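The residues making up each chain are set out below.
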Amino acid sequence: MEWLFDPTIWVGLLTLVILEIVLGIDNLIFIAILADKLPPHQRDKARLIGLSLAMVMRLGLLTIVSWLVTLTTPLFSVGPISFSGRGLILLGGGVFLLFKATVELHERLEGVVHKHSESKAYAGFSAVVAQIVVLDAVFSLDAVITAVGMVDQLGVMMAAVIISIGVMILASKPLTSFVNAHPTVVVLCLSFLLMIGLSLVAEGLGFHIPKGYLYAAIGFSILIETLNQFARRNLLKSEARMPFRDRTAEAVLRLLGSRNAGETASDAQAPQAMDEGAFALEERNMVSGVLTLADRSIRSIMTPRSAMSWVDLEDSADDILAQLQETPHSLMPVCRGDVDNIIGIARTKDLISNLLLLQRVDDSADNGSLRKPIVLPDTAGVLKAMETLKRSHGQLVLVADEFGSIQGLLTPVDLLEAIAGEFPDEDEQLAVQPKGPGLWEVDGAADLHQLEQVLDTTGLVSEDDDYTSLAGFLLARFETLPEAGQFVEVDGLRYEILVVEDRRIAKVSIRRVDSAGPDERH
């Protein structure tokens, strides 16, 4: 009984139990499928009886194989190598393990999924138990050969089989869930099979490999895999802190093949990116616009104050009428002297009617042509603005800052542009105009979200920055109002100032450069 105090034996027993459990998962899955053909109240009983009988059969196979490997009398020779009954058993078992492990690894690496149809008709109890026993006999061959290749003592082999079968009986469901959730564990155990199979082939050919080498390699691999599982769990915990909506958005964008999708999601969580040709660039941009809409502020999608069209009651009737005849807008803010002194919102046709009939705009309190302005703070989210627009019955929404100063206005078209891109009016030009391969002329007020999509880049939009336009992005880089001709290179793009007017950046030339070094300003 001295072998009971040998630490190598206990290491071999522990390793063999782990291998037997993992190798028995496929067997356990098939047994569950067979048991599901029975009525619900008989399934657990069938699993218990089937696995118990399978354990007896596995112990019998172990006894037979262990006896066969004691046949050391040479039967024939091939050159300098003599083959005995033991050598043939080890050689055949090693080849079998190499074949089985290679096939299993190929299926898992290629992503082959085994699907099993469910039978609606219940089968007989005895027939299902018999199928479980036969099936286990077939699936037990690799486990039996693995036990013979791992240890030399029959008692250790039997103890490992009994312990592994007991664990599978008591913890079949959580065990199956663990193995399915950790595919790298299965791949690692199949790699052990390759190593054990190679060892059996070597012994069958007369080359003895000490078991200690196998234990050391397996133990080191298990230690590395344990550290890998801890690292993966910590990564998943870190990702779980990201809002579920953000994780879903990144997964959808990666599925569409968007280059702007985040790269933080793990491979197990995020679907694999599809071929970019499966979805057009415009489709990916629209989906991206929808998914990021809730995170944007009104300031990022509104028409800014400098681009607003509004009616000044202090202008002459002829000037106002000429302005209205040239404007493509159906609604206009009506102000007195300054856009902050807002009187109301009026339809263009009502204003023209007043001017033609009254030679002035009627701003009296009982005038039905002027609507009370709807004002939202510039800190409100886009979804809040969307709900306000739904209740406004076609009226535009004014955006004000904390001091009550009008910063811009918002219409349903602005929301549509945030999703589908620009829809310029008759008096507007595209904010981003292609000028050639890798060259664009961009308005300083261009939205950074839209610019990221057009330039197919990332890094322009940041939650920590309070600007939403290209001009704000460049001012943060220059840290002063630049002059025409100055440029900055950021992430492989060269931004050159073309026009500066009224203390703002009006036009910018953007060119894609070959190298993406650190920020450079000139």
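None of these values were measured; they are calculated from a predicted model. (Residues numbered from 1 in each chain as written. Predicted model: local features only at pLDDT ≥ 70, side-chain atom pairs only at ≥ 80, totals over all residues. Heavy atoms only, no water.)

Asks: Explain the nonpolar core here, please?
Replies: Across soluble globular proteins, nonpolar side chains show a tendency to be buried alongside one another. Grouped together as the largest cluster of nonpolar side chains are 23 residues, with contacts concentrated most on L451, L470, F473, L474, Y495 and I510. Broken down by secondary-structure element, the contributors of at least two residues to this core are β12 (439-443), α16 (448-455), α17 (470-478), β13 (487-490), β14 (493-501) and β15 (504-512). Counting residues per element, this core draws most heavily on α17, which supplies five residues. In this structure F473 touches L448, G459, L460, Y467, V490 and Y495, once residues within four positions along its chain are discounted. (Core = buried A, V, L, I, M, F, W, Y, C linked by side-chain atoms within 4.5 Å. Buried < 20%, exposed > 50% of the residue type's maximum accessible area, 1.4 Å probe, protein only. Helix = DSSP H or I, 4+ residues; strand = E, 2+ residues; numbered from the N terminus. Contact = heavy atoms within 4.5 Å.)

Asks: Would you explain helix α13 (residues 348-358) in this entry?
Replies: At 3.6 residues per turn, the α-helix brings residues three or four places apart onto the same side. Within α13, burial applies to T348, D350, L351, N354 and L355. Burial along α13 is one-sided: seen end-on, the buried residues are contained in an arc of 165°. Exposed side of α13, more than 90 degrees from the buried face: K349, L356 and L357 are the residues found there. Elements that come into contact with the buried residues of α13 comprise β4 (311-312), α12 (317-326), β5 (331-336) and β6 (338-347). Within two residues after α13, Q359 carries a phi angle of roughly 65°, on the positive side. (Arc of directions from axis to C-beta.)

Asks: Looking at this structure, how should I read the sheet that holds strand β10 (residues 406-410)?
Replies: Each strand in a sheet pairs with its neighbour through backbone hydrogen bonds, running either in the same direction (parallel) or in the opposite one (antiparallel). On the basis of which strands lie adjacent, the open sheet formed by four strands has the order β3-β10-β9-β8 and mixed pairing. Every interior strand has two partners, whereas the edge strands, β3 (303-304) and β8 (374-377), have only one. Its contacts with the sheet put helix α14 (residues 382-391) on β8, β9 (397-400) and β10, and the angle it makes with β8 is roughly 175°. (Pairing = 2+ DSSP bridges. Axes fitted to C-alpha atoms, helices over the stretch in contact; angles between N-to-C directions.)

Asks: Explain the pattern of salt bridges here, please?
Replies: A side chain with one charge may pair with a side chain of the opposite charge, provided their charged atoms come close. The tally for this structure, following the rule as stated, stands at seven salt bridges. R296 is the partner of D447 in a salt bridge, and the nearest nitrogen-oxygen pair spans 2.4 Å. Of this pair, D447 sits in the loop between β12 and α16 while R296 sits in the loop between α10 (281-292) and α11 (298-301), and the two are 151 residues apart along the sequence. Considered together, D447 and R296 belong to a single accessibility category, that of buried residues. Measuring nitrogen to oxygen at the nearest pair gives 3.0 Å for the salt bridge that ties R305 to D340. You can see R305 sitting in the loop between β3 and β4 and its partner D340 sitting in strand β6, a full 35 residues away along the chain. Accessibility expressed as a relative area gives 29% for R305, which makes it partly exposed. A single network of salt bridges, built from pairs that share partners, joins R305, D338 and D340. (Salt bridge = Lys/Arg side-chain N within 4 Å of Asp/Glu carboxyl O.)

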